[in-house]
Amino acid sequence: MSKYLNLFLISLIFVYFIPICISEGENATSNDTLNDGSFNETEEYPEYTLPDPFENYSLTNIITLVDSNFTEELNKNESLYLLFYSRWCKHCEEFIPHYIETAEYCKEKNIPIKFARINGMRNENATFDFGIIEFPTLFFLHKGERHIYIGPRYKEGLLYFMKRK
């Protein structure tokens, strides 16, 4: 009998006390405005203060996409590697040099594939459309079909995946 009583008491704690603690914590940290009433996007969204991880590279074979040109560019290209990234993501920083290396290799070898990047935090429509929940997320789009990339994140892995699809 005491086993059931303990479970009942624990469930009461979860039902009544935890939501109260969470809502009080949210109220304490939800100050989104400055003293003059303006919105402080750098405080709420550190994404805006961080450098773009692509900015130190020459991007001769990588298209930059945003919500406004996203659908048009996807329809324009038959084969496309599409990278969703974020400025704050350390895994993105590690993967981007390999992505750029693969793009340059394909350009040198005249492999008819385009490469694109899109900042998933700033382009929410595209991110939502593709169901992105983590960064980096890479897709290979070929003849209208979406293939999510799962594999090693270096040039050889990307090329192998592309050949299989």
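The text that follows walks through the structure, step by step, so that each part is easy to find. Just so it is clear, the structure is predicted and the values come from calculations on it, not from any experiment.

### Digging into unusual backbone geometry
Along the chain, phenylalanine 135 connects to proline 136 via a cis peptide bond; the corresponding omega equals -10°. For proline 136, the position within the fold is in the loop between helix H5 (124-130) and strand E4 (137-142). Despite not being glycine, asparagine 110 shows a phi value in the positive range, around 55°. Assignment of secondary structure puts asparagine 110 in the loop between helix H4 (90-108) and strand E3 (114-119).

### Quick word on the pairing of E3
Buried residues dominate E3, accounting for five of its six residues. Across four bridges, the pairing between strand E1 (residues 62-65) and E3 is parallel. Each bridged residue has a counterpart across the sheet, and for leucine 65 the counterpart in E3 is isoleucine 118. Once the chain exits strand E2 (residues 79-85) it traverses H4 before rejoining the sheet at E3, and the crossover so formed is right-handed.

Criteria and cut-off values
Throughout, residues of each chain are indexed from 1 in the direction in which the sequence is written. The model is predicted, so local features are restricted to residues of pLDDT at least 70 and side-chain atom pairs to those at 80 or more, both for listing and for counting; the totals for chains, interfaces and linings are taken over all residues. Think of the side-chain values as coming from all heavy atoms in the structure, minus any hydrogens and water. In this text, helices come from DSSP runs of H or I with a minimum length of four residues, and strands from runs of E with a minimum of two, each type numbered from the N-terminal end. Each residue is placed in one exposure class: buried if its accessible area under a 1.4 Å probe, protein chains only, is under 20% of its type's maximum, exposed if it is over 50%, and partly exposed if it falls in between. Any two strands with at least two DSSP-identified bridges between them are counted as paired. Crossover handedness is defined here as right-handed if the route from the first strand over the helix to the second strand goes clockwise, with the strands pointing away from the viewer.

Take it as geometry only, folks, not as evidence of what the structure does.
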